[in-house]
Each structure stands twice: as structure tokens, then as C-alpha cells.
Amino acid sequence: MATTVTPVTNRKPGYRDLLRTPGAWTFLLPGFLARQPFAMLTLGIVLLVEDTTGSFGTAGAVSAVTGVSMALFAPRSGRLADRFGQRAVLVPGVLLHAAAVGVLTALALSRAPLWALLLAAVPAGASVPQVGPMVRARWAHLLRGGPGSPDGSGPPGGPGRTRLLSTAAAFESVTDELTFVIGPVLATALCTGVHPAAGLTAEAALTIVGGLLFAAQRRTAPPAHRRARGADGAPHASALSVPGVRVLIVAFLGIGAVFGGMQVSMAAFTDSIGQPGLNGVLYGIFAAGNMLAGLVFGALTWRSAPQRRLLAAYALLTLTTAPLWAVDVVPLLAVLGLLTGMGIAPSLITGFTLVERLVPAGVRTEAFTWMAGAVALGQAGAASAAGQLTDGFGASAGFTVPLAATALALATVAALRGWLKPDGGQEGDGRPGDGKADGGRPGDRRPGGGREPRTG
């Protein structure tokens, strides 16, 4: 098969170039379908359990257990996918998840005791298919032209497609946010307009259909690395062995706290002013800011080092959350919500770009699931904390949670920013042929995928 060589130009490759990647559409469409359940699960649980128990506290507890369980088990799922292949993990996983959600739904409808609901919430969260990280792993595999890519493209770090890695990160960030706009709306419509259990029923059905369709796209899947090893033959124990991954987990915990804190605090604020219907509008504006910033950020050419961009983006995110607690009028909250949303996308995109550069291929899916799990864990913790603050100190008190979480995460990232430098210490995105676009030359990765820790 002839190798296609992409001409080297100074033009920043964009979304059109990304979507022309051979094989991309075969996993993008089923991947988008399979992602919807991820955004429907917790809200579907809240709406069903509240309907059957009459308690938002009970519903929130069951939902929180689901989120924490997913966050704790997601990295294990990613590691298994790296070792045995995505299909081997995804096919039994979607069936197990649908069964677990079915059990939880049946228990809720039968008005089972709280302990039974909490117990059933554990496997429902633990078995959530990690489709988003799997899609990111496929992008990294295809754009690096690794062995087994559909078109037999060039060696890792080839001059054309590696320049699309940051564009792919931006595209996935926008896709994730679109999922969290569509999924909750669909779950709410089904639960309120059809039956309280309809949201979870649809979630289980979409999991099976979307997950199996995605798993069927075997040509674009990265190869299994049953004995993932570094350049010196030493085995890669885990993505957590890369110091930069641990720093990014802290950063993504803070981002998750923004999502969880904003959801609860906006709902409490609109309820306190007697206009609960505005909650959807305000959160939609917040989400729109995220999507807009993601589209723009991914289309720009960046010459600064990614760890510097992460610091700048995270500082902006922290700054935009600072005045939220003092707001008492809807128009101002809408503006600040928009700005806060615009601060999230650059942080997420740069963080995922760094993950792809810092870790070797053999633990890449695991690394992406650590990030997704960190967001989920931060979201669950922040939702709980914001709810407690709201009950104790008023509707605006919950907005202090995103501020505190992002400030702590920013301090951590700033202190340990040296751990975020890709192999070779290359600065900037670089251009083809200078060794920068790929974060270093092929084959120069250290065992564990990162540089020796250093600060400064």
C-alpha cells in the first residue's frame, strides 16, 4: 500500500483537515452516540430516585455514589483497554452496565431502602463505558500513524498529522460539552414527559447500541499492548508512574469541581429568586461559553509551551470564578457563567494535549480515563460540598466551591509545572521536522513516559 505524504506547510491544520483523517468518521458517529449515556446517568438517577422517595437528599447521595464509583474504576477500565484492546473491554462492559442500571431502576421503582440503592449504584457507576478516552486514544493512534492505522500512514511523529493533535483535543472538548448539553435535556424530557424511569431506560439502551457500534470499528482501534514497555524494555506499571499525569489529575479535579459547583449553585440561586426555570438557561450559557472557547482555541496557532498555556488558562478560570459568590442578579450571573465556561475549554484542551505527549502509547487510554475520572470525582465532591454550603449559608455560598478548588489546583500546577514538560523539554507546538510537534523524537521516551521530575 502506498504511503501518503502530507505536504509540509506553515498553515495551521484545522477541523476540516482533522475530519478528513482516514477512518475518523467510522468511530466518531458511534462514539458520539455511546457518549450520551455518560451525561444522562446521574441526572436520570436523581429524577427517578427523587420521584420514588420524595427526597433530593437521597437522590443526590445515590447519584454521588455512582459518580465516585465511576471515577475510581474508570482508570482500571482504561488500563485493561490498553492491554487487551478496546473491543475486549467494551463489549462485556456495556452489557454489564446495562444490567446494573436495570437493577438500580428496578430497586428504585420498588421503593427499596437507601442502603440497597447505594449498593446498586456502585456497579452502575463502575461499569460506565469509557468511550470518550477511547476516542481520544484512537485520535492519538491515527494521527501519529502508528502500526495498524487504516491508511498505513507514516512513522510516529510524521510531519503532517501530528500537528493535528491539539486540534483533536479541542474537537473532543467541544464534543464532550455538546454531550453534556444534549444528554441532560434528553434525560429530563424522558423522565418528566414519559415516565420517571424512562431516562435510565434510554441510558441503558443507548449504552448497548452505541457501545457495540463503536466496538465494531476495529480498524481504527489502537493495538493492544499486553506487555507495554519503555525504550529500555522495562514494563510501564501505570500511567500514574508519569509525574505529570499526577499533576494533571489535580488540575482536572479542579475543573470537575467547577462543573459540580456550578450545577448545584445555579439551581439553588434560581430557586431562591423564585425562577427555577432559569436554571437551564443559565447552565446553557455556561456550556455555550465552553463550546465557543473550545472551537476558537483549537483553531489558533500556539507557539508557547503547553505547560505555560495550561497555567495561563487555569489562572483565567480561577479568576472568572472569584466573583460568582457575590452575584445577586441574573444578567450578571449569566455573563460570569459565560466567562467561566470560556475558561474551562482551554484548560481541558491543553491538559489532554499534555497527556498525549507525556505518556507512551501502551498506557494512553488509562491516562485519559484518569483524567475523565478526575473530572467526575471533582464534580461529585463539589456538588456535595456546594449543596451543604447552600443549605447552611444560602444560595450564593455554593459558588465558593469552584473558586477554592481551582485556586488550590492552580497552586499545585504552578509549583509542579516542571513535571509537565514533554520528553526532550521541547518548547512550543513546533513545526514539522523540528522535533517539537511530537514532544521529542520517536523512541526517546524514558520508562514511565516522562522526564525526571524537576521544578522551575
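Residues numbered from 1 in each chain as written. Predicted model: local features only at pLDDT ≥ 70, side-chain atom pairs only at ≥ 80, totals over all residues. Heavy atoms only, no water.

1. Brief notes about the overall build of the protein
- Along the protein, the regular secondary structure elements total 14 helices and 0 strands.
- Going from the N terminus to the C terminus, the protein shows its helices and strands as α-α-α-α-α-α-α-α-α-α-α-α-α-α.
- Look at the contacts in the protein between residues 6 or more apart in sequence, and 82% of them connect residues 24 or more apart.
- Counting every atom, the protein has about 18,000 Å² of accessible surface; 67% of that belongs to carbon and sulfur. (Helix = DSSP H or I, 4+ residues; strand = E, 2+ residues; numbered from the N terminus. Contact = heavy atoms within 4.5 Å. Areas by Shrake-Rupley, 256 points an atom, 1.4 Å probe, with all protein chains shown as cover.)

2. Some words on the confidence of the model for the protein
- On average, residues of the protein score 77 in pLDDT, and 81% of them reach the 70 mark or higher.
- The secondary structure element of the protein with the lowest average pLDDT is helix H7 (residues 165–193), at 77, and the one with the highest is helix H14 (residues 400–415), at 93.
- For the stretch residues 1–9, pLDDT sits under 50, and the model shows 9 contacts to residues farther than four places along the chain or on other chains.
- Note that residues 147–160 has pLDDT below 50 and, in this model, 33 contacts with residues that lie over four places away or in other chains. (pLDDT = per-residue confidence, 0-100.)

3. A short note on the environment of Gly 211
- Note that Gly 211 resides in helix H8 (residues 198–215).
- Classification of Gly 211 by relative accessible area gives buried; the value is 2%.
- Each C-alpha atom, one on Gly 211 and one on Ala 34, is 5.2 Å from the other, the two residues being 177 residues apart in sequence.
- Ignoring any residue separated from it by four or fewer positions in sequence, one finds Gly 211 in contact with Ala 34, Leu 90, Val 94 and Leu 206. (Buried < 20%, exposed > 50% of the residue type's maximum accessible area, 1.4 Å probe, protein only.)

4. A few points about helix H4 (residues 86–109)
- Here H4 is 24 residues long and its end C-alpha atoms lie 34 Å apart, about the 34 Å a rise of 1.5 Å per residue gives.
- When H4 is considered as a whole, its buried residues turn out to be Gln 86, Val 89, Leu 90, Gly 93, Val 94, His 97, Ala 98, Ala 100, Val 101, Leu 104, Thr 105 and Ala 108.
- Looking one or two residues beyond H4, the residue adopting positive phi is Arg 111, at roughly 55°. (Expected span 1.5 Å × (residues − 1).)

5. Notes on unusual backbone geometry
- One non-glycine residue, Arg 111, lies in the positive phi region at around 55°.
- Counting through the fold element by element, Arg 111 comes out in the loop between H4 and helix H5 (114–126).

6. Remarks on the packing of aromatic side chains
- By the definition in use, this model includes 5 aromatic pairs.
- For the ring pair Phe 27 and Trp 139, a centre distance of 5.3 Å and an interplane angle of 75° mean the geometry is edge-to-face. Here Trp 139 lies in helix H6 (residues 131–143) and Phe 27 lies in helix H2 (residues 24–53), a separation of 112 residues in the sequence. Across the pair, exposure class does not vary: Phe 27 and Trp 139 are buried alike.
- When the centroid spacing of 5.1 Å and the interplanar angle of 85° are considered together, the rings of Phe 252 and Phe 352 count as edge-to-face. Of the two residues, Phe 252 is situated in helix H9 (residues 243–272) and Phe 352 in helix H12 (residues 330–358); the sequence distance between them amounts to 100 residues. The same class applies to Phe 252 as to Phe 352, namely buried.
- Members of the aromatic cluster, each reached through a chain of ring pairs, are Phe 27, Trp 139 and Phe 171. (Phe/Tyr/Trp six-rings, centres within 6.5 Å; stacked < 30°, edge-to-face > 60°.)

7. Re a nonpolar patch on the surface
- A contiguous nonpolar surface patch, about 400 Å² in accessible area, is contributed by Val 68, Leu 72, Phe 73, Val 122 and Leu 377.
- Counting residues per element, the nonpolar patch draws most heavily on helix H3 (residues 56–84), which supplies 3 residues.
- You can see Val 68 is positioned in helix H3.
- Under the relative-accessibility criterion, Val 68 is labelled partly exposed at 31%. (Patch = residues over 30% accessible without salt bridge, like charges linked within 9 Å, V, L, I, M, F, W, Y side chains within 5 Å. Salt bridge = Lys/Arg side-chain N within 4 Å of Asp/Glu carboxyl O.)

8. Observations concerning the packing of H12 against helix H13 (residues 364–393)
- H13 packs onto H12 with a crossing angle of 155° between their chain directions and a minimal axis gap of 9 Å. With respect to their mutual orientation, H12 and H13 come out roughly antiparallel. Between H12 and H13 lies a crossing of right-handed hand. Residues Phe 352, Val 355 and Glu 356 of H12 lie in contact with H13, whose contacting residues are Arg 364, Ala 367, Phe 368 and Met 371.
- For the contact of H12 with H13, the class distribution of residues is 5 nonpolar, no polar and 2 charged. (Axes fitted to C-alpha atoms, helices over the stretch in contact; angles between N-to-C directions. Parallel < 35°, antiparallel > 145°, perpendicular 65-115°, else oblique. Left-handed = near helix turned anticlockwise from the far one by under 90°. Nonpolar A, V, L, I, M, F, W, Y, C, P; charged D, E, K, R; others polar.)

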